[in-house]
Amino acid sequence: MAEVPTEQGGPILVIRDGWDQVREVRDSLDRISRRIAAWADRYEEQAEQSTEC
């Protein structure tokens, strides 16, 4: 991440914007990932229950 320039010859993103902005986006993506995993788990539980009946 630290080596990714904004554009060819541009400044390094983390140096320019700081890690806090990256951390905020990462935290959002982690929450989204956990929510999707929870939905998938619930779907599988419901699918198992429907086949048991």
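Attention in this report is confined to the structure presented alongside it.

1. Brief notes about the pattern of salt bridges
Consideration 1: Throughout the structure, instances matching the rule amount to 3 salt bridges.
Consideration 2: Note that Asp20 and Arg23 form a salt bridge whose closest N and O atoms lie 3.3 Å from each other. Of this pair, Asp20 and Arg23 both sit in helix α2 (residues 19-52), 3 residues apart, which is roughly one turn of the helix.
Consideration 3: For Asp20, a relative accessible area of 56% puts it in the exposed group.
Consideration 4: Take Arg23: its relative accessible area is 42%, and that puts it in the partly exposed class.
Consideration 5: When the shortest N-O distance is used, the salt bridge between Arg26 and Asp30 registers 4.0 Å. Taken together, the residues Arg26 and Asp30, both in helix α2 and 4 residues apart, mark about one turn of the helix.
Consideration 6: On the basis of relative accessibility, which here comes to 52%, the residue Arg26 falls in the exposed class.

2. Structural notes on a negative patch on the surface
Consideration 1: Taken together, Asp41, Glu44, Glu48 and Glu52 make up a surface patch of like negative charges.
Consideration 2: Following the sequence through the fold, Glu52 ends up in helix α2.
Consideration 3: Residue classification places Glu52 among the exposed positions, given a relative accessible area of 65%.

Reading the values: rules and limits
- Residue positions within a chain follow its written sequence, with the count starting from 1.
- Restriction of local features to residues with pLDDT of at least 70 applies here, the model being predicted, together with a cutoff of 80 or more for giving and counting side-chain atom pairs; totals for whole chains, interfaces and linings are based on all residues.
- Side-chain metrics in this entry use all non-hydrogen atoms of the structure; hydrogen atoms and water are not considered.
- The term salt bridge refers to a pairing of a side-chain nitrogen on Lys or Arg with a carboxyl oxygen on Asp or Glu at a separation within 4 Å.
- Where helices and strands are cited, they refer to DSSP runs of H or I of at least four residues and of E of at least two residues respectively, numbered from the N terminus.
- Think of it in three bands: residues with accessible area under 20% of the maximum for their type are buried, residues over 50% are exposed, and the middle band is partly exposed, with areas taken using a 1.4 Å probe on protein chains only.
- Every patch collects residues that have over 30% relative accessible area and no salt bridge, joining them within 9 Å if they carry like charges and within 5 Å if they are nonpolar side chains (Val, Leu, Ile, Met, Phe, Trp, Tyr).
- Calculation of accessible area relied on Shrake-Rupley with a 1.4 Å probe; when residues are assessed, cover is drawn exclusively from the protein chains displayed.
- As used throughout, the charge tally considers Lys and Arg to be positive and Asp and Glu to be negative, leaving His and the chain termini uncounted.
- Every charge is mapped onto a representative atom, which is NZ of Lys, CZ of Arg, CG of Asp or CD of Glu.

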